[in-house]
Structures are given as structure tokens and as C-alpha cells.
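Summary of the model geometry
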Amino acid sequence: MAMSGLFDVTGRTVAITGGGGVLCGGLARYLADCGMRVAVLDLKRLAAEVVADAINEAGGEAVGIEIDVLDRDSVRAASQTCEKALGRIDVLINGAGGNHPDATTGPDKPFFDLATGAFEKVLGLNVLGTVLPCMEFGRPMAERGEGIIVNMASMNAFKPLTRIPAYSAAKSAVKNFTEWLAVHMAKEYSPSIRVNAVAPGFMLTEQNRFLLTDAATGELTPRGRSIIEHTPAGRFGADEDLYGAVHWLLSPASRFVNGICVPVDGGYSAFGGV
Ligand code: NAD
């Protein structure tokens, strides 16, 4: 292989769930800039279309498609719509996910009183919401013997974080499932199918803003301050910070990389706190 092509992803097609959100919306635009054709998938159809429109206006090729990653029929329909619109899907990025305030402990919300439904919702969105797209988008990859999947884990996949038991358990399961599926696809179908994950550190987005900043003043909460103190980079991350790691995992440069979870965390996971 010519070394100049190591990071070339031009002409490949990627489907991104949660593509209407902050991190994956940015990622969708970046991958389109790299020459990829993009299916932007989200529960919020309008949000997906806004991202796809921005890509098309900038000269790229994208479609916005509604999906509910918790509904098998919806995932199957979305995968068929993607193929009709863009042809073969080479890459799946599972970005839909997140935490919920009702599954978060606090001074007036002891762990013992957390609602079962809230716990189930967070586990469902992050775990099943990753598994179902892997089934529907993974099947044609298995049939062709080629494909790339990238899942979205988190820092709490390595060590649970205080206050968010459901989200921590869920992302830990996403990392474990990534390893399982990497081995399953390679051994049962083809070593040319790779499954990896990225574990973003603390990026300030809508799903964690309520934990990291004070809604009234916009100031950092004690938790937000503690995170910055424990992040050697000295700041929260942004969607741009993820682009390089994901690009690498989608490109031939990572062709011998399978079943790993890459921290993109400003050094958070390396720091013992002293
Ligand atoms: P976000 O809330 O901006 O984006 C998530 C998107 O998923 C939203 O557009 C939402 O509409 C969509 N979604 C929700 N439920 C869905 C469903 N059932 N079907 C389809 N789409 C659905 O969140 P974000 O911060 O951009 O996070 C993106 C991913 O990165 C998530 O998996 C999140 O858990 C993970 N992550 C985020 C951080 C962070 O600090 N922001 C850190 C680690 C991991």
C-alpha cells in the first residue's frame, strides 16, 4: 500500500447514528470533508436533516434519515433507506447514546430511589441502541466480508463515575460488546471487518451540561471544576478533538487494530489525581 493512502477514506460511505447531536453532527461534517458520503441518522429527523443539508451545501454528499435505534424495524428500515440513497454502507458509527437526569443520583435523589424506568432507558439507549444497528448494518458487512464499526464508549467504560450508575454500566457494556463483536466478526466472517470504540473524555454537550455547569449562571459546578482539575489538558473536550481518532479507526492506517477502545480524554484516564 502506498503510504500516502494510509488515511484515505475518500468515496467510502458512513452511517452515523446520533448524527443530529453535538459530537456526531460535527463528526459527520468532518468525515464529509474527508470525502466520505454520509448518512446522518437520528431520532430527531429535523436535526439529522440540518446536518445533512449543511454537508450538501458545502459540496459533500449526505442524507438525513430518521431512526430509532431502540426499534429493530426502524433500524432495518433506516439501513435499507441508506443503501437506496447512497449504496453500500462501508462504515457504521454508533453515536446515539447518553445519560438522563432521572438516572443520576444527587443530594435529593438517593441511588435507592432511582426510577427503574430511567435506569432501563439509559441501559437501553446505550447498549441495545448500539447492538441493534450492529445487527442490521453488520449483516451486509458479514455477507461481503468487509466493513468497519466504531462505537461510542466513554471514560466510565474503564472506571465508573460517581452519580451516574446506569450510564457507567451501559458504557462499560458498550466497550465489552465492542470486544465481543470484533472477535465474532473476524472469526466467523472476515478479518476485514473491524470493530473498535472511542471513549471521549468530558465534552461539554447537552446531555451532561446539567451536571457540569450551573443552569442559572453558566458557572462550573463543583463536579465540572473537579473534572477540569483531573484533566491534564486543563479543559473540556470538543467534537473536533474526536475527529483524528475516528478518522484513524476508519482508515487503512488502523487495518491491524481491532477490538480496542481509544480514550480521547485530554489525559484524564492517565491521571491518578496527584
Ligand atoms: P447529543 O445528545 O448531542 O447527541 C445524541 C444524539 O442521539 C441526539 O441527536 C439524539 O436525538 C440522538 N438519539 C437519542 N435517542 C435516540 C434514539 N433512540 N435513536 C436515534 N437517535 C437517538 O450527545 P453527544 O454528547 O453528542 O454524545 C454522542 C455520543 O457520545 C453518545 O453516545 C454519548 O453517550 C457519547 N459520549 C459523550 C460524551 C460527552 O462528554 N458529551 C462523553 C463520552 C461519550
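What you see is a predicted model; the values in this text were computed from it and never measured.

Next up on the list: unusual backbone geometry. You will see that arginine 163, though not glycine, has its phi angle at about 80°, which is positive. Within the element layout of this structure, arginine 163 appears in the loop between strand 5 (147-152) and helix 5 (165-188).

Before going further, it helps to examine the domain arrangement of the protein chain. The domains assigned to the protein chain are domain 1 (3-201 + 239-259) and domain 2 (209-236). The C-alpha centroid of domain 2 is placed 26 Å from the C-alpha centroid of domain 1. At the junction of the two partners, domain 1 supplies nine residues and domain 2 supplies four residues. A buried area of about 460 Å², summed over both sides, lies between domain 1 and domain 2, and 50% of it is on carbon and sulfur atoms. When the buried surface of domain 1 facing domain 2 is broken down by residue, Pro101, Arg163 and Asp241 rank first, second and third, together holding 59% of it. Aspartate 241 serves as the salt-bridge partner of arginine 235, at 2.9 Å between the closest nitrogen and oxygen.

Let us now look at the sheet that holds strand 2 (residues 37-42). Pairing is parallel across the open sheet formed by seven strands, whose spatial order is 3-2-1-4-5-6-7. Each edge of the open sheet is held by one strand with a lone partner, namely strand 3 (62-66) and strand 7 (261-264). With strand direction ignored, the average angle separating the axes of adjacent strands in the sheet is 20°. With respect to the sheet, helix 3 (residues 72-86) is in contact with strand 1 (13-17), strand 2 and strand 3, its orientation differing from that of strand 3 by roughly 160°. Relative to the sheet, helix 5 contacts strand 5, strand 6 (193-200) and strand 7, its axis offset from that of strand 6 by approximately 165°.

About the criteria used
Residues numbered from 1 in each chain as written. Predicted model: local features only at pLDDT ≥ 70, side-chain atom pairs only at ≥ 80, totals over all residues. Heavy atoms only, no water. Helix = DSSP H or I, 4+ residues; strand = E, 2+ residues; numbered from the N terminus. Domains from an automatic or database assignment. Contact = heavy atoms within 4.5 Å. Buried area = accessible area lost by both parts, 1.4 Å probe. Salt bridge = Lys/Arg side-chain N within 4 Å of Asp/Glu carboxyl O. Pairing = 2+ DSSP bridges. Axes fitted to C-alpha atoms, helices over the stretch in contact; angles between N-to-C directions.

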